[in-house]
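As a plain string of letters, each chain reads:
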Amino acid sequence: MGTVVVTIGIGDPQGQRFEGVDAIADTGSTFTAVPRTTLQRLGVSVERSAQSELPDGSNAPVDIGRTMVRLEGLEFSTPVIFAEAGEPILLGAVTMEEALLAVDPVAGRLIPTNALRL
């Protein structure tokens with residue numbers, strides 16, 4: 001299975017300014033992770049902090065906010081993690097689900113989900 005990288009727009013909380021970033025579509029990541037410097041430049045505020053489980057099984061504190069994203073022609077608000085320098089930009093499962101998208105690892109892209117699960 002390959003890595004799926006997509007370009008998304010990260011916006012300010014009002015949805016007036018957006019910056020394009022390349023993000024790894026990561027179904028194992030709950031929230032979208034964007035560099036702290038980018039989120040601060042766009043005026044995104046930290047709403048809370050939480051413990052996050054890292055891929056190696058350890059835990060680390062993360063700051064979480066909420067802002068606008070552009071993804072596959074949609075604009076909507078989603079939770080974001082303030083990633084530290086050197087950490088990858090990730091498109092998390094919550095953001096993909098909010099846009100009704102799924103990862104197609106064979107095609108190497110995002111695809112519309114077939115159905116909503118209620």
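Residues numbered from 1 in each chain as written. Predicted model: local features only at pLDDT ≥ 70, side-chain atom pairs only at ≥ 80, totals over all residues. Heavy atoms only, no water.

Brief notes about the side chain of Ser29
Here Ser29 is to be found in the loop between β2 (18–25) and β3 (32–35). Here Ser29 falls in the buried class, since its relative accessible area comes to 13%. Only 2.9 Å separates the side chain of Ser29 from the backbone oxygen of Phe31, close enough to count as a polar contact. Beyond its immediate sequence surroundings of up to four residues, Ser29 is in contact with Leu90, Gly92 and Ala93. (Helix = DSSP H or I, 4+ residues; strand = E, 2+ residues; numbered from the N terminus. Buried < 20%, exposed > 50% of the residue type's maximum accessible area, 1.4 Å probe, protein only. Polar contact = N/O pair within 3.5 Å; in protein donor to acceptor, adjacent residues only side chain to side chain. Contact = heavy atoms within 4.5 Å.)

Structural notes on the pairing of β3
Burial along β3 is two-sided: the residues Thr32 and Val34 and Ala33 and Pro35 are all buried. Bridge count for β3 against strand β6 (residues 74–83) is four bridges, and the pairing is parallel. In the strand pairing of β6, Pro35 is matched with Ala83. (Pairing = 2+ DSSP bridges.)

Digging into the environment of Ser77
Among the structural elements, Ser77 can be located in strand β6. Taking relative accessible area as the criterion, Ser77 reaches 29% and is therefore assigned partly exposed. Along the primary structure Ser77 and Ile10 are separated by 67 residues, whereas in three dimensions their C-alpha atoms are 9.9 Å apart. Every residue in contact with Ser77, bar those within four places of it in the chain, is listed here: Arg66, Thr67, Met68 and Glu98.

Structural notes on the pattern of salt bridges
In the structure shown here, the tally under the stated rule is five salt bridges. Note that Glu19 is salt-bridged to Arg41, the shortest N-O span being 2.9 Å. One end of the pair, Glu19, is in strand β2; the other, Arg41, is in helix α1 (residues 36–41), and 22 residues separate them in sequence. A relative accessible area of 21% means that Glu19 is categorised as partly exposed. According to the relative accessible area criterion, Arg41 is partly exposed, its value standing at 47%. A salt bridge links Glu98 to Arg66, with the nearest nitrogen and oxygen atoms 3.9 Å apart. Of the two residues, Glu98 is situated in helix α2 (residues 93–98) and Arg66 in strand β5 (residues 59–71); the sequence distance between them amounts to 32 residues. We classify Glu98 as partly exposed; its relative accessible area is 35%. Counted as one network, the salt bridges with shared partners bring together Arg36, Asp63 and Glu84. (Salt bridge = Lys/Arg side-chain N within 4 Å of Asp/Glu carboxyl O.)

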